[in-house]
Every structure is written in C-alpha cells, then in structure tokens.
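# Structural description and commentary
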2 protein chains.
Amino acid sequence: MNLSVSEENYIKSIYKLEEGQDSVTTNALAYELDTKPASVTDMAKKLKEKKLIAYEKYQGINLTPEGKKAALQIVRRHRLWECFLVEKLAFSWEEVHELAEELEHVRSEKLTNRLSEFLGNPAIDPHGDPIPDAQGKMGKPRTQTSLHKSQAKRLEVMAVSDKSAALLEFLTAKGIRLGTQLDVIERYAFDNSIEIKIRNQPAFTISEQVSKNIMVKAI
Amino acid sequence: MNLSVSEENYIKSIYKLEEGQDSVTTNALAYELDTKPASVTDMAKKLKEKKLIAYEKYQGINLTPEGKKAALQIVRRHRLWECFLVEKLAFSWEEVHELAEELEHVRSEKLTNRLSEFLGNPAIDPHGDPIPDAQGKMGKPRTQTSLHKSQAKRLEVMAVSDKSAALLEFLTAKGIRLGTQLDVIERYAFDNSIEIKIRNQPAFTISEQVSKNIMVKAI
DNA sequence: AATAATATTTAGGTAAATCTAAATAATAAT
DNA sequence: ATTATTATTTAGATTTACCTAAATATTATT
Ligand SMILES: [Mn+2]
Ligand SMILES: [Mn+2]
Ligand SMILES: [Mn+2]
Ligand SMILES: [Mn+2]
C-alpha cells in the first residue's frame, strides 16, 4: 500500500485519537490536523476506499487492522527519529516533534530498522512514549495515570502527553523531565492546581492544564 | 523562500546539469527528472516568477545567484545524509542516493548543521563529491579527469559521477571503490574499453560507459 | 414532539504538479 | 532557400488535497 504524506498524517492522527474513544469524530480529526471538517470527509472516503479505515456517513472513523498496522509503522519511525535527534544530535525534547513529523514520512524498512539498531533499539521516545518494534508490537504505555488524577504523594514522571513546544519548554524551565521525582504538597480544589516539590528545591504550583499532561507513577 | 519538494528537485537538477554547459535545456531537464518537457516549461515559468532561475522562451534555463544558493543547500543536505547512512547505518554506496533523495527535503538549518557536526564535518560524500559548508561554499571536485580520458598509467579512484545502483554495484563487485589504486594495462581503440588491474588481482576489462564515470587522479 | 444547536456532508471551486496532443519555433539537411 | 527534423511551448485535462458556503443529519433543549 503506497500512502501519500497526507494520508499518513491522517492515519497517524486517527490512531492517536482512537485511543480510549470507540471511534474518531470528523471534527476532532479536523482540529487535530489543523484542517476543515469538509476536507476530513473527503479523505475519509479515500481511506475507506483503500480499506485503511471503517467509515460510514455520520458514524465516525475507525482504523481497520491494516490501517492500524500502517499507523504503527509511522509511529515507529516518528519516535525513532525523535530518539536520534535527542540522543545523537543533542536536540531538546521540545524541538524534535516537529522535525520527526517530516522524517517519519521517509518510508524504508531497512532505514528504520538500521536506525533502531544504531540507537540500541530504544523502547521509549524522548517524551516517554513506547516505540513499536519492527513487527508493529508496542508495549502499553508505562502508566495511564496523569498527575492530575493520581492520588499518590510521591511520584515519578513517566511521560508527557502533550508534545507542544510550549508545554515542554515550560516543564524544562521548571526542572521537570522524564524520571523526575516529585512530592505533591497540596491540591487546590478551587482551580485544580497542584503544589509540587522537587528534591530540595522550593515548592511551586502548576495548573490543571499542565498536570493533566504529566503522566506519573507512584513511588 | 519556501520551496516545495518538486521545486527543490528541479533546482537541484538544474544545478547539476548547468555544470560545464552554459545553460540547461528543457529536454535535458525533463530526462533528468523523469518527467515530460511540457511539465518542465510549466515549472520554468514558476521558478522564474520566484526569481530562482533566468528563463526566456526557447533560451534555456540558468540558476540566478539566489537559485544557486538554494541548490547548494539541498546538495549539502543530500550529501550529508548519504554520509550518515554509510558511516553510521552501514549502508552501501549504491543504496544511499535514493534515500537521500527524500531526506534532503527536510529543511532545517539546525538539523543540517548538527548532522554535519555529528559526522565530523565531512568534506566529501560516499561517491567522492564535495559537500558544501553551511555558507554554501564548496571545494572544487578533487579531480575533473575521468578514467576514460586520463593518460596516466597508475591511478587512484577519486569519485564516481553516475550514482545509479547499477553502476555502483558493478564497481563494488569488481573491487573498485573510492581510494582504489589501479594500473591501466591496455586501451582498446575499437570500443574504448580499458584493461585494468588492481594490486595483485587478475586484470579485467571495463567498457567506455564505465570508465567515463570513474573520476581519477594520477599517482 | 418540536425547536434549537451542533456536527457532518455535499456541491462547487482553487492551486500545484503532472499529463497528452497539437501548434509553433529553432536547427539541421538537402 | 526550402524542407525535414527536433525542441519547445501552449491548450486543455486530470489528480490530489485543500477550501467556503449551503444543505442535511444528529443531538440536545425546551
Ligand atoms: Mn508527519
Ligand atoms: Mn514523541
Ligand atoms: Mn529529492
Ligand atoms: Mn552522492
């Protein structure tokens, strides 16, 4: 199956939005891809024709097994390139998503597998997300719990779900990265903000929007 | 100046064909890009509009200084990725051109410069071609002499001008790579074939098509 | 159940990059 | 200097991936 760059971006976004939800909505996909609902409907017809998605008018979109397989290959390439950029070229985690968005479209299994090998077959990317293997097998995310929902007092940061440079820069500035351990000092019911503390540094408060996107594990 | 992938491929091909010639012909460019002359005329108008080429109906095509600058950046990315693939991912020289043809279109100066640094700022690519620096400065090819034209008896292979997998595989099979030293045993006027010998190995004969594409330096 | 609000699709269009076939210009051969 | 050949351009289509505006479905609210 030969996919265009645009088709690949759709497939990848559908895969992302499908998680949790039982089907992906036209508007959600348009928003995710920064395009218009009418364009999504057009592409949905095309991807259905190619048997990569199940789609009936007004019924939402789901990947077929074939579509999911394609999605996992794209995700694999995306995350491997992110690793490369961070580990070999010393990019920071907020710079790599955008570049990987382009590099992911170079379709060569040999290149992908050689790159993976070169990086030591990494299992997670710079944002804590698992990397599918050559067969498309991917471990479950190491945790599904956000700092926002977690009840624990002492936590370790396992992943970040929003990959915008804005959030990632903010976290870096606050000293929060993968593996960072922190204590929850206080939760404020009024705005769901959380006061946290890293090691011996002074405590500080983060908003709900931030804590929702930090995935944690109790320690 | 924001160029599409297609525009970049045109610019790069014009740059390549311009060398030696004083201008590039519609048909030559169509052949090089594996497209039709009518398409070239269309694109010529567009690139002229963007001031990347000088073009008048029936008069052939030349890069403007701006166009040349753009071309050198693309060539730089192409050749750096080729180095990466060969030196870090253990690809052979006949596999890398096609992959670099795609990777070259990821436009990020930061990525390009970091990649160059990671590779130790290489000066030549796996085919012996010089790599432009960040400013677009490129050393002259180390030699302009083909094995076909050279009069010398003892030579060193400096570059290969045809990047087709067919030729490169052939050369590899015959034990010819960059830096290989060889002796010319005989030149046959009938078909311009040449008998050569590498070290202690038995001599063999190569055709004119092959010897034309091997760039050499007398030693 | 009727109406309002929201979501989705359709109709009809645009821009980029290609194509084929036909027309025209430039060059080579008589 | 004609004529033939080759090169190039134009005219008119096609495909992909978008768009806006209008129509239609679905869902939520009275
Ligand atoms: Mn992408
Ligand atoms: Mn990532
Ligand atoms: Mn290319
Ligand atoms: Mn090369």
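Quick note: structure is the one above.
Residues numbered from 1 in each chain as written. Chains lettered and ligands numbered in written order. Predicted model: local features only at pLDDT ≥ 70, side-chain atom pairs only at ≥ 80, totals over all residues. Heavy atoms only, no water.

### As for the protein's contact with DNA strand C
Quick note on the threshold: One heavy atom within 4 Å of a molecule or strand is enough for the residue carrying it to be called near that molecule or strand. Pairs of N or O atoms within 3.5 Å make up the polar contacts considered here, provided that, within protein, one atom can donate a hydrogen while the other can accept it, and that residues adjacent in sequence are counted only when both atoms are side-chain atoms. Numbering of helices and strands runs from the N terminus; a helix is a DSSP stretch of H or I covering at least four residues, while a strand is a stretch of E covering at least two. Here the nonpolar group is Ala, Val, Leu, Ile, Met, Phe, Trp, Tyr, Cys and Pro; Asp, Glu, Lys and Arg are the charged ones; every other residue, Gly included, is treated as polar.
Close to DNA strand C lie 20 residues; Thr25(A), Tyr55(A), Ser4(B), Thr35(B) and Ser39(B) are nearest. When the atoms of DNA strand C within 4 Å of the protein are sorted by group, sugar and phosphate make up 78%. Residue Lys36(B) places a main-chain N or O atom 3.2 Å away from a phosphate oxygen belonging to DNA strand C. Here a phosphate oxygen of DNA strand C and a side-chain polar atom of Ser39(B) are 2.5 Å apart. Looking at the surface near DNA strand C, the elements that each hand over two or more residues are helix H2 (26–32) and helix H3 (37–49) of chain A together with helix H1 (5–18) and helix H3 (37–49) of chain B. When grouped by side-chain class, the residues that make up the surface near DNA strand C number seven nonpolar, eight polar and five charged.

### A few points about the relation of the copies chain A and chain B
Both copies of the chain are tied together by a single rotation about an axis and a shift running along it. Counted only if it meets this: Overlaid copies result from least-squares superposition on C-alpha atoms, with residues included only where pLDDT is at least 70 in both. Note on contacts: a residue pair qualifies if any of its non-hydrogen atoms lie within 4.5 Å across the two residues.
Mapping chain A onto chain B calls for a screw motion: a turn of 180° about the axis and a shift of 0.0 Å along it, with 0.0 Å RMSD after fitting. One copy is carried onto the other by what is essentially a two-fold rotation axis. Considering only C-alpha atoms, the residue of chain A closest to the rotation axis is Leu103(A), which sits at 3.6 Å. Most of the interface of chain A is mirrored in chain B, where 100% of its interface residues again form contacts.

### Description of helix H5 (residues 96–103) of chain B
The cut-off we apply is this: In this scheme, a residue with accessible area under 20% of its type's maximum is buried, one over 50% is exposed, and one in between is partly exposed, where area comes from a 1.4 Å probe on protein chains only. Relevant arc is that of directions from the helix axis to the C-beta atoms, nothing else.
Of all the positions in H5(B), only Val96(B), Leu99(B), Ala100(B) and Leu103(B) are classed as buried. The arc that holds the buried residues of H5(B), viewed along the axis, is 100°, so those residues lie on one side. Packing partners of the buried residues in H5(B) comprise helix H4 (65–87), helix H5 (96–103) and helix H6 (109–118) of chain A together with helix H4 (65–87) of chain B.

Shape is all these values report; function is a separate question.
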